[in-house]
Amino acid sequence: MPEKKLISVQETVNSIIKGKEDIVRKVLAAIIGGGHILMEDIPGVGKTTLATTFARVLSLDYRRVQFTPDVLPSDLLGFSMYHSQKGEFEFQKGAVFCNLLLADEINRTSPKTQSALLEVMEERQVSIEGTTRQLPDPFIVIATENPAGSSGTQLLPESQLDRFLVCLSMGYPRHEDAVALLKGEVWKKISNITPVLSLVELKEIQARTETIYVDDAIYEYIICLIEETRNNTLFSLGASPRAGIALLRMSRAMAMLASRDYVTAKDVQDVLCDVLAHRVRLSARARAEGILATAAIDKLRETVKTPKL
């Protein structure tokens, strides 16, 4: 049963990432929902460790790129090199040709390099030198970024942010978890991890997640939430249609993790902030009142009527 395997995946990751069960659950939901994940947090809280652990547990071909101002699009996408013995140009694949790409500190690189990821993240393909090449299936980006205002960082454009299914923050560990972290040899544990899911099993679970039943009332509820971000005075930039699709995909994935074959309103509400907070822009009034994006989105639950199934 896939449900038992998914529980085992969470237990294995939680044995490495202490005290972050909710984050682990949502990252797994984003992966089986077929989306990309943005981790926004300060350095040193375990974002890279989380990505590495998921790669091993899910049997994913894994690449890591440390984004700096001198990283070029060709480093990610690839380039052609002349092969003197063959007398022809040969394409050298870039870092994106993998199952899981960790884009570390993505907001430290140039806009030109960030733009190279737009087609990659949406179409799962690379178009270069007149040729389109498909990426491995599945293809997932886990990107980390330091908070805006940190030294050497710049804001990601809206088009880039909109391609991330969710934006999550790990935060500092609790006291007891920090003590357990000091006592454990994390990297030794990671190297000894046995994969729980094969690549074939993961793709089967992703396909099954897409078939989770959604009632018409839930479709209406999702669209009403999205439209409210466009009409509410707390927002100057509302959520896009892609945001509605992302909310649906995450809700289905949460239902799968709960061993249900249908989506509830609570599934939608549980991931509402994670899906929408990085996609909307607060109005001048909301910023003046010190309202955070997460708090503004929480107010949508009060504004939009919850359907009863």
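In what follows, the accompanying structure is described. (Residues numbered from 1 in each chain as written. Predicted model: local features only at pLDDT ≥ 70, side-chain atom pairs only at ≥ 80, totals over all residues. Heavy atoms only, no water.)

Let's talk about the nonpolar core
Here is step 1: Counting 73 residues, the largest nonpolar core has Ile 37, Leu 50 and Phe 54 as the members making the most contacts within it.
Here is step 2: At 10 residues, the largest contribution of residues to this core is made by helix 11 (residues 241-257).
Here is step 3: Contact partners of Leu 50, with chain neighbours within four places excluded, come to Val 13, Ile 17, Ile 23, Val 24, Val 27, Met 39 and Met 170. (Core = buried A, V, L, I, M, F, W, Y, C linked by side-chain atoms within 4.5 Å. Buried < 20%, exposed > 50% of the residue type's maximum accessible area, 1.4 Å probe, protein only. Helix = DSSP H or I, 4+ residues; strand = E, 2+ residues; numbered from the N terminus. Contact = heavy atoms within 4.5 Å.)

With respect to the side chain of Asp 267
Here is step 1: Note on placement: Asp 267 falls in helix 12 (residues 265-270).
Here is step 2: Ignoring sequence-local partners within four residues, the contact set of Asp 267 consists of Ser 251, Met 254, Ala 255, Arg 260 and Tyr 262.

What to know about the layout of surface pockets
Here is step 1: There is about 830 Å³ of room inside the largest pocket.
Here is step 2: If you go around the largest pocket, you meet 30 residues; those closest to its centre are Glu 40, Ala 277, His 278, Val 280 and Ala 293.
Here is step 3: For the lining of the largest pocket, the elements supplying multiple residues, two or more each, are strand 1 (37-40), helix 6 (158-161), strand 9 (166-168), helix 13 (272-276), strand 11 (281-282) and helix 15 (293-303).
Here is step 4: Tallied by class, the residues present in the lining of the largest pocket amount to 18 nonpolar, six polar and six charged. (1 Å grid on protein atoms, 1.4 Å probe; cavity = no way out; pocket = protein on both sides within 12 Å on 5 of 7 lines; lining within 4 Å. Points joined across faces, edges and corners; volume = space filled by probe spheres on them. Nonpolar A, V, L, I, M, F, W, Y, C, P; charged D, E, K, R; others polar.)

Let's talk about the sheet that holds strand 9
Here is step 1: Across the sheet, which stays open at both edges, the five strands sit in the order 2-5-8-1-9 with parallel pairing between neighbours. With one partner strand each, in any of the chains shown, strand 2 (62-66) and strand 9 form the two edges of the open sheet. Shown here is a sheet whose adjacent strand axes are inclined to one another by a mean of 15°, direction ignored.
Here is step 2: Summarising the sheet, strand 2 and strand 5 (residues 100-104) pair through five bridges and their orientation is parallel. Considered in strand 5, the bridge of Arg 64 is made with Leu 102. (Pairing = 2+ DSSP bridges. Axes fitted to C-alpha atoms, helices over the stretch in contact; angles between N-to-C directions.)

A look at helix 10 (residues 216-231)
Here is step 1: Taking 1.5 Å per residue as the helical rise, helix 10 with its 16 residues ought to reach 22 Å, and the 22 Å between its terminal C-alpha atoms agrees with that figure.
Here is step 2: Those residues of helix 10 that fall on the buried side of the exposure criterion are Ile 218, Tyr 221, Ile 222, Leu 225, Ile 226, Glu 228 and Thr 229. Projected down its long axis, helix 10 carries its buried residues within an arc of 155°, all on one side. Facing away from the buried side of helix 10, by more than 90 degrees, are the exposed residues Asp 216, Glu 220 and Asn 231.
Here is step 3: Along its buried surface, helix 10 packs onto strand 10 (235-237), helix 11, helix 12, helix 13 and helix 15.
Here is step 4: The opening residue of helix 10, the one whose side-chain oxygen lies 2.9 Å from the backbone nitrogen of Ala 217, is Asp 215. (Expected span 1.5 Å × (residues − 1). Arc of directions from axis to C-beta. Polar contact = N/O pair within 3.5 Å; in protein donor to acceptor, adjacent residues only side chain to side chain.)

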